[in-house]
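Understanding the architecture of this molecule
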Amino acid sequence: MPATYRDATYTEALQYLETLTNLGIKPGLSRMEALVSAIGDPHRCAPVIHITGTNGKTSTARMVSSILQAAGLRTGTYTSPHLQVVNERIEIDLEPLDKQRFASAFADAYVAAAELERLSGEKPSYFEMVTLMAFAAFADAPVSVQVVEVGMGGKWDATNVADADVAVVTNVSVDHVEYLGSTPPLIAAEKAGIIKEGSLLIVGETQPDIVEIFESVATDSGADQVIKNGDDFRLLERKPAVGGQLISVKGIYDTYEDLFLPLFGSFQAHNAAVAIAACEALCESSIDRAIVEAALSQTTSPGRMEVVSRHPLVVLDGAHNPAGMAACIDAVRESFAYDRLHVVFGVFADKDYLPMLAALGGVGASVFTTQTALARSAPAENLASAARKVGIDSVSANPDVVAALDAAKRAASDDDLVLVTGSLYLIGEARTYLVGVPEI
């Protein structure tokens, strides 16, 4: 580190963050509460829309921010993980922090990190530090509203030092079983931890037993209102369109018809319905249809059913669990015309990848397994063996992401589709190779 935290450069900020990557996940909020307290509680700078769920959190957060920004509010958006550069996690008006602002946010956060280490001998985790930086950046901007995505779960997530004015649940399925539990009800109970006294709760999940869990926690927590998908808001209609889809949504206060959403898949249409409801809940009113229309038409969600090249068509989607993979395959079959499907696939070793591979085999895909540079990645050979076990005949193991991409593209004709899917870290490496590193 530099002589004083105020002298930190962008490069030095990245170097310090790198020292935190091996500290792992640290459940509990005591460190995070000490960190925000040390720099004046920046997480209280503006109202909070707090978003949890198994899938769709980032896309929903981006839609929420897009709508609120179009409505005239200055938004701070915090999502994770990043695909290519860590700046992506912290956005002001949907623009990643530039290097100067990133270094400034780091300097503010480092004050607290140094104090934590002095008092307890502990360093913050990587996620805790970047979360603190996000709150510091939002307070410094300042923003009108903070749109904050939970990293994992809810109750013990570092973001949960913030009190949700609007708490949002996109959906619930099985993922991160070692931390959250092995069944949807157990996972729902963890995610319900973001519900606070006075919160307005938006529940996108529709399974009755899961909805009951959120309603029960909302009652016990003193939430103001539970707003349910299907009862209080819902997706009315969706139909594929060139470059995306047309959707109609019944919101809490109004109905929004024939909105163009430049994202693919039924799951994105449902995310949009949840996002509209969340924005209405914050504003406690309907939102001008022209504002919603303009905002959704400009929404992007990199690495989520993202087309990055054609001839052959190459699509990136971070479907990193069985529910996400099922949604991904449905979206591919609905949204794109192609002769054959070639899949570049890689996930972390702790993921339930057998059903994900079985789903790919069910659509006759040829599979090119691979692994990222991270130690947590499942070895490509292990994934290839698993693919053969579930009946996939055309499968090859590739030592890295670039080799897998090149092999898949060589195998594909101009009329085929290459789907790159699995870990979001895989998507990040693929995006860097295919699109280049974003200038920030």
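Described below are features of the structure shown in this document. The structure displayed is predicted, hence computed values, not measured ones. (Residues numbered from 1 in each chain as written. Predicted model: local features only at pLDDT ≥ 70, side-chain atom pairs only at ≥ 80, totals over all residues. Heavy atoms only, no water.)

What follows concerns empty space enclosed by the protein. All chains considered together, the criterion is met by 1 cavity of 30 Å³ or more. When its volume is computed, the largest cavity comes out at roughly 40 Å³. In terms of residue class, the lining of the largest cavity is built from 2 nonpolar, 6 polar and no charged. (1 Å grid on protein atoms, 1.4 Å probe; cavity = no way out; pocket = protein on both sides within 12 Å on 5 of 7 lines; lining within 4 Å. Points joined across faces, edges and corners; volume = space filled by probe spheres on them. Nonpolar A, V, L, I, M, F, W, Y, C, P; charged D, E, K, R; others polar.)

In this description, an aromatic ring pair is defined by two values, namely the gap between the centres and the angle between the planes. If you walk through the whole model with that rule in mind, you get 7 aromatic pairs. Ring plane angle 85 degrees and centroid distance 5.2 Å describe the contact between tyrosine 16 and tyrosine 110, whose orientation is recorded as edge-to-face. Remark: tyrosine 110 occurs in helix 4 (residues 99-120) and tyrosine 16 occurs in helix 1 (residues 10-18); sequence separation between them is 94 residues. For the pair formed by tyrosine 16 and tyrosine 110, the shared burial category is buried. Between phenylalanine 106 and tyrosine 110 the ring centres are 5.7 Å apart and the planes differ by 25 degrees, which places this aromatic pair in the stacked class. (Phe/Tyr/Trp six-rings, centres within 6.5 Å; stacked < 30°, edge-to-face > 60°. Helix = DSSP H or I, 4+ residues; strand = E, 2+ residues; numbered from the N terminus. Buried < 20%, exposed > 50% of the residue type's maximum accessible area, 1.4 Å probe, protein only.)

Following the criterion strictly, the structure yields 12 salt bridges and no others. The closest approach of N and O atoms between arginine 118 and glutamate 115, which form a salt bridge, is 2.8 Å. Taken together, the residues arginine 118 and glutamate 115, both in helix 4 and 3 residues apart, mark about one turn of the helix. Ionic contacts of the salt-bridge type, sharing partners, join the residues Arg44, Asp163 and Lys196 into one network. (Salt bridge = Lys/Arg side-chain N within 4 Å of Asp/Glu carboxyl O.)

Moving on, we come to the environment of glutamate 215. Relative to the assigned elements, glutamate 215 resides in helix 8 (residues 208-221). Among the residues examined, glutamate 215 registers a relative accessible area of 26% and is labelled partly exposed. Beyond its immediate stretch of four places on either side in the chain, glutamate 215 contacts Val226 and Lys228. (Contact = heavy atoms within 4.5 Å.)

Here the focus is the layout of surface pockets. The calculated volume of the second largest pocket comes to roughly 310 Å³. Sorting the residues of the lining of the second largest pocket by element identifies helix 3 (57-70) and strand 4 (95-96) as the ones contributing at least two each. Looking at side-chain class alone, the lining of the second largest pocket contains 6 nonpolar, 5 polar and 8 charged residues.

Glancing now at the sheet that holds strand 5 (residues 145-149). Spatially, the 8 strands line up as an open sheet ordered 4-3-2-5-1-6-7-8, and their pairing is mixed. Edge positions in the sheet fall to strand 4 and strand 8 (225-228), since each has one partner strand and no second. Relative to strand 7 (residues 200-203), strand 6 (residues 166-169) runs parallel, the two sharing 4 bridges. What sits directly across from alanine 167, in strand 7, is leucine 201. Across the face of the sheet, helix 5 (residues 126-140) comes into contact with strand 2 (75-78), strand 3 (90-92) and strand 5 while running at roughly 10 degrees to strand 3. (Pairing = 2+ DSSP bridges. Axes fitted to C-alpha atoms, helices over the stretch in contact; angles between N-to-C directions.)

So, on to the state of the cysteines. Applying the stated rule across the entire model yields 0 disulfides. Free of any disulfide, cysteine 45 has its nearest cysteine sulfur in cysteine 283, 17 Å distant. Note on cysteine 279: no disulfide assigned, nearest cysteine sulfur contributed by cysteine 283 at a separation of 6.6 Å. (Disulfide = S-S within 2.5 Å.)

Further remarks concern the pairing of strand 14 (residues 341-346). The element strand 14 is extensively covered by neighbouring structure, given that 6 of its 6 residues are classed as buried. Where burial is concerned, the two faces of strand 14 agree: the one with Leu341, Val343 and Phe345 and the one with His342, Val344 and Gly346 are both buried. Alignment of strand 14 against strand 17 (residues 417-422), held across 6 bridges, turns out to be parallel. Opposite valine 343, over in strand 17, you have leucine 419 as the bridge partner. Examined bridge by bridge, strand 14 and strand 15 (residues 366-369) share 4 bridges and lie parallel to one another. Bridge assignment links phenylalanine 345 to a residue of strand 15, and that residue is threonine 369. Following the chain from strand 14 across helix 12 (residues 353-361) to the adjacent parallel strand 15, one finds a crossover that is right-handed. (Right-handed = clockwise from strand over helix to strand, strands pointing away.)

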